[in-house]
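Summary of the model geometry
Given next are the chains, with one letter for each unit.
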Amino acid sequence: MNKLTVVLGDYPHAQPLLDGDVEIEGHLVEPVEVRPVIGAYRRMIRDLEFDVCELAPVSYLMARQEGIELTAVPVFLNRRFHHGDVQCAAHSGIRVPRDLEGRRIGVRAYSVSTGVWVRGVLRDEYGVDIDTITWVVDDDDHIEGRVPSNVERVTDGRSLGELLRAGEIDAALTGNAGTGRAGAPRAGWSATAAPEPAADEGPYPLFPEAGTLAADHYLRTGVYPLHSLVALRSELVERDPELPAKLYAAFAESKRRHLAAHPDWSATPRLARQGRQIDSDPVPYGIKSNEPSLTAMVRFATDQGLLDPGFPTDLPSLFAPGDYPDA
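Residues numbered from 1 in each chain as written. Predicted model: local features only at pLDDT ≥ 70, side-chain atom pairs only at ≥ 80, totals over all residues. Heavy atoms only, no water.

Section: the pairing of strand 1 (residues 2–7)
Going by this rule: Any two strands are treated as partners once DSSP identifies two or more bridges connecting them. Strands here mean DSSP runs of E at least two residues long; helices mean DSSP runs of H or I at least four residues long; both are numbered from the N terminus.
Pairing of strand 1 with strand 2 (residues 27–31), which is carried by 5 bridges, proceeds in the parallel orientation. Counted as the bridge partner of Thr5 is Glu30 from strand 2. Sheet topology places strand 1 next to strand 3 (residues 52–55); 2 bridges connect them, and they run parallel. Directly across from Val7, in strand 3, lies its bridge partner Cys53.

Some points on helix 4 (residues 113–126)
Quick note on the threshold: Expected span of a helix, by definition, is 1.5 Å for each gap between consecutive residues, and there is one gap fewer than residues. For every residue, the accessible area (1.4 Å probe, protein chains only) is compared with the maximum for its type, and the residue is labelled buried under 20%, exposed over 50%, or partly exposed between those bounds. Any two residues whose heavy atoms approach within 4.5 Å are treated as being in contact.
The end-to-end C-alpha distance of helix 4 is 19 Å, a good match for the 20 Å that 14 residues give at a rise of 1.5 Å each. Across the 14 residues of helix 4, 10 count as buried, placing the element largely inside the fold. Among the residues of helix 4, Ser113, Thr114, Gly115, Val116, Trp117, Val118, Arg119, Gly120, Val121 and Leu122 are the ones counted as buried. Contacts from the buried residues of helix 4 go to helix 3 (57–65), strand 5 (86–88), strand 7 (134–137), strand 9 (171–173), helix 6 (210–221) and helix 10 (291–303). Looking one or two places after helix 4, you find Gly127, whose phi comes out positive at around 65 degrees.

Describing the side chain of Asn78
Cut-off, in case you're wondering: Here a polar contact means two N or O atoms within 3.5 Å. Within protein one must be a hydrogen donor candidate and the other an acceptor candidate, and residues neighboring in sequence count only if both atoms are side-chain atoms.
Following the sequence through the fold, Asn78 ends up in the loop between strand 4 (70–73) and strand 5. Reaching out from Asn78, the side chain makes a polar contact with the side chain of Arg270 at a distance of 2.6 Å. Those residues within four positions of Asn78 in sequence are excluded, and the remaining contacts are Tyr11, Pro225, Leu226, His227, Ser228, Arg270 and Val283.

Considering the packing of aromatic side chains
Defined as follows: Pairing of aromatic rings covers Phe, Tyr and Trp, the last counted by its six-membered ring, and requires centre-to-centre distances within 6.5 Å; plane angles under 30 degrees mean stacked, over 60 mean edge-to-face, and any other angle means tilted. Here, a charge over a ring is recorded when the distance from Lys NZ or Arg CZ to the ring centre is within 6 Å and its angle to the ring normal is within 35 degrees.
For the structure shown, the criterion picks out 7 aromatic pairs. Each ring, one from Phe76 and one from Phe319, has its centre 6.2 Å from the other, and the planes form 80 degrees; the classification is edge-to-face. With Phe76 in the loop between strand 4 and strand 5 and Phe319 in the segment after helix 10, the pair connects residues that are 243 residues apart, well separated along the chain. Here the two residues Phe76 and Phe319 agree in accessibility, since each one is buried. Between Tyr248 and Tyr324, the aromatic rings sit 5.1 Å apart at their centres with planes inclined by 65 degrees, giving edge-to-face as the arrangement. Here the residue Tyr248 occupies a position in helix 8 (residues 243–261), and Tyr324 occupies one in the segment after helix 10, the gap between them amounting to 76 residues. Grouping aromatic residues by their ring pairs yields a cluster made of Phe81, Tyr218 and Tyr224. One Lys or Arg, Arg119, reaches over the ring of Trp135 and ends 5.1 Å from the middle of that ring.

In structure tokens:
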């Protein structure tokens, strides 16, 4: 049996694979825990440290563009909608998306998935000129050298949450992409624990009806933002060309096992809620079922300068050759 070191985030629908209840034919899974899993992204991209690793999709595409020896299977373990991820500073006066033009917005790093999706939606749906915005970052991109000139680095050690509450940035993204954490995604990462300020004193959402807007956007476009995929070292595929299909089948079976025990996604309330929003599987695997999302992701990343204009748009070419029936 060949041993595979595997790094994933905390996903109940992948746990049967990590626990060994679901096998990858001819291979033995050796789970490696990295928390937060974002810390593993950089180690995989820069050092190829693991055999199989969850990655941010845009970072994966950028890695392929740079010739890094990684390939992927179309397993998308995590999804999120993003209309609720923009918070405005208390006295910023921002009321509609176009008010963001010319402002300073905090995001952990320019290429983070949430940032790519938010910028794409702001431009596509609301006509925001995202190039007029100064994007204030407090961490490095996994692949450096692609940020535009309108990116500014925080240099005094304060978190984006602190800057937003102080009114020194006009808006910021939430969660791990911005105000929901402090410290880099290596040693020292921590979730912010500051109490939520009163509604009339602190940051407020750009879109108060974010859930409704997100569902409407999905129903009109079919775009359901991707937040992770599963990548593996290309060397392993060269040795065993059947490995990607075996890996995909194992992840699909792991999801099936989990759903047999939790058919309503009760173990992951956020995914259960998103499943109700789209009236479908909250984490569909495969290329065909994710075509609108993959196409939008490549387009957004190209429009935002993270991918070259000639980056391939043939979706199957983005993944290792293999059989990937929708699952």
